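Overview (structure and organization)
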Amino acid sequence: MSAIKEAQNFQSLYSRFINFGVSYGDLERLSSTSKDWTSFSRGLADLGERWENSAEALHEKGWIATPREHWQHATDYFHHAQLKVPKSLLKEGLRRSSRRSYQRLAPRLDPPAVRCIIPFQPVALTGYLRIHHPGAPCVILIGGLESSKEVELHYFAEGFIKRGCSVFYFDGPGQGELYGRAQIERGFERVIGSVISFLSANPLVGSGGIGCFGVALGGHLACGASAANSRIGACISLGGFFDARVLTRLPATARAVLLEAYGLSGDDYLQDLVPPISLASSHKQMKAPLLLVHSASDHPVDIDQVKAMQNWAGGPVDTMAFDGANHICTDRFSECIPRMCDWMTNWLVHKNSSLFAVI
């Protein structure tokens, strides 16, 4: 592949990288010196290691703010370094490095991110709870296929925290640090039920309202969970989908990751995912308000999926659809993230979306 075409491949992910912590300058330098994704990923990993070493050195000298920022950079760069790396010890090592840096950062955030272990079978759930103030509404965040709670969900969580919400972001079975240790639950509402029970038992969360946010696959899971759990007072799906029709439109690599996350292998097993990956069985059961944030140009999740979700919901539905945006609208985050965070807060606190105007 020519250097120009490879650079264009790198640039296709710029909006994702930049919105989740990688600097434009670093991307430009790596794009100009990398001949393929392997060397590009290696460059990101080297920068991640540099940020981590800097954080540790400055922390030892008694610095406060700068180590915190450098641990954040290390978390982000290690995570992005593994995105295009095939399944391997290297990929898992980069993921561990990202989680390690975030664990150093977590207690130094404002508010602190407290690592939590929630009993569950077949494997305990791991996540972070950040309390804005006692009794604040709490938003549960669910990641997508390649999301990380330490990176993508962390940045989404910041928007809710700024508006007075507490947040809980976590890995369910088959996700994040539990990938390969368990399969994604075919009935994810049981996972969210355990999370809600855990949060409700915490006096700092208590009876405060609970919202649910999910991105991509997480948006699909958030809808199903919200239909089954009446404690959820509002739900947002960012780039989520209605049913398994999206599977054949996924890139081959993403499809393989999805199959493995559900404990399957090979396209011959795609049909096995059709029943569990569908919201049809809970038609009109979701009474909580639903916000659908979507790219009208999204190839895997076409507009028919959005219409099916609108017709499926049994409560109020708002929709933000952006013409020409990429998948999950990363190139339109400056527009959609503030609005969706306001939408969630308005429903959980004021029980209405009167401040929200549909685009």
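Before any of the text, the structure's been laid out above.
Throughout this description, residue numbers start from 1 for each chain and increase along the sequence as written. Local features in this predicted model are restricted to residues whose pLDDT is 70 or higher, and side-chain atom pairs enter the listing and the counts only when it is 80 or higher, whereas totals over whole chains, interfaces and linings include all residues. Side-chain figures throughout are based on the complete set of non-hydrogen atoms in the structure, without hydrogens or water.

1. Quick notes on the nonpolar core
Residue types Ala, Val, Leu, Ile, Met, Phe, Trp, Tyr and Cys, when buried and joined through side-chain atoms within 4.5 Å, form a set referred to as a nonpolar core. For every residue, the accessible area (1.4 Å probe, protein chains only) is compared with the maximum for its type, and the residue is labelled buried under 20%, exposed over 50%, or partly exposed between those bounds. Counting 58 residues, the largest nonpolar core has Phe 168, Phe 170, Ile 192, Leu 247 and Trp 312 as the members making the most contacts within it. Contact definition: two residues touch when any of their heavy atoms are within 4.5 Å. In contact with Trp 312, not counting residues within four places along its chain, are Cys 223, Ala 227, Phe 242, Leu 279, Ser 282, His 283, Lys 284, Met 286 and Leu 290. Ala 113, Val 139, Phe 213 and Met 340 belong to the second largest nonpolar core, which has 42 residues in total.

2. Concerning the pairing of strand S5 (residues 210-215)
Taken across its six residues, S5 has six buried, putting it largely inside the fold. Residues Ile 210, Cys 212 and Gly 214 line one face of S5 and the alternating positions Gly 211, Phe 213 and Val 215 line the opposite face, and both faces are buried. Any two strands with at least two DSSP bridges between them are considered paired. For helices the rule is a DSSP run of H or I covering at least 4 residues; for strands it is a run of E covering at least 2, with both sets numbered from the N terminus onward. Pairing of strand S3 (residues 138-142) with S5 involves five bridges; the strand directions are parallel. Looking across to S5, one finds that Ile 140 is bridged to Cys 212. In terms of strand pairing, S5 meets strand S6 (residues 232-238) through six bridges, oriented parallel. Paired with Gly 211 across the strands is Ala 234, a residue of S6. Considered for its hand, the β-α-β crossover made up of S5, helix H9 (residues 217-228) and S6 is right-handed. Orient the strands so they point away from the viewer, and a crossover whose first-strand-to-second-strand path over the helix runs clockwise is right-handed.

3. Details of the pairing of strand S8 (residues 317-322)
Here strand S7 (residues 290-295) pairs with S8 via six bridges, running parallel. Bridge pairing in S8 places Ser 295 opposite Phe 322. Taken together, S7, helix H11 (residues 303-312) and S8 constitute a β-α-β crossover, and its handedness is right-handed.

4. Considerations on the environment of Val 306
Here Val 306 shows up in helix H11. Spatially, the C-alpha atoms of Val 306 and Trp 347 are 21 Å apart, while their sequence positions differ by 41 residues. Ignoring sequence-local partners within four residues, the contact set of Val 306 consists of Leu 292, His 294 and Thr 319.

5. Describing the environment of Arg 99
Along the chain, the position of Arg 99 falls in helix H6 (residues 89-105). In this structure the C-alpha to C-alpha distance between Arg 99 and Val 301, which are 202 residues apart in sequence, comes to 30 Å. Setting aside chain neighbours within four positions, we find Arg 99 in contact with Glu 92, Lys 149, Glu 150, Gly 176 and Glu 177.

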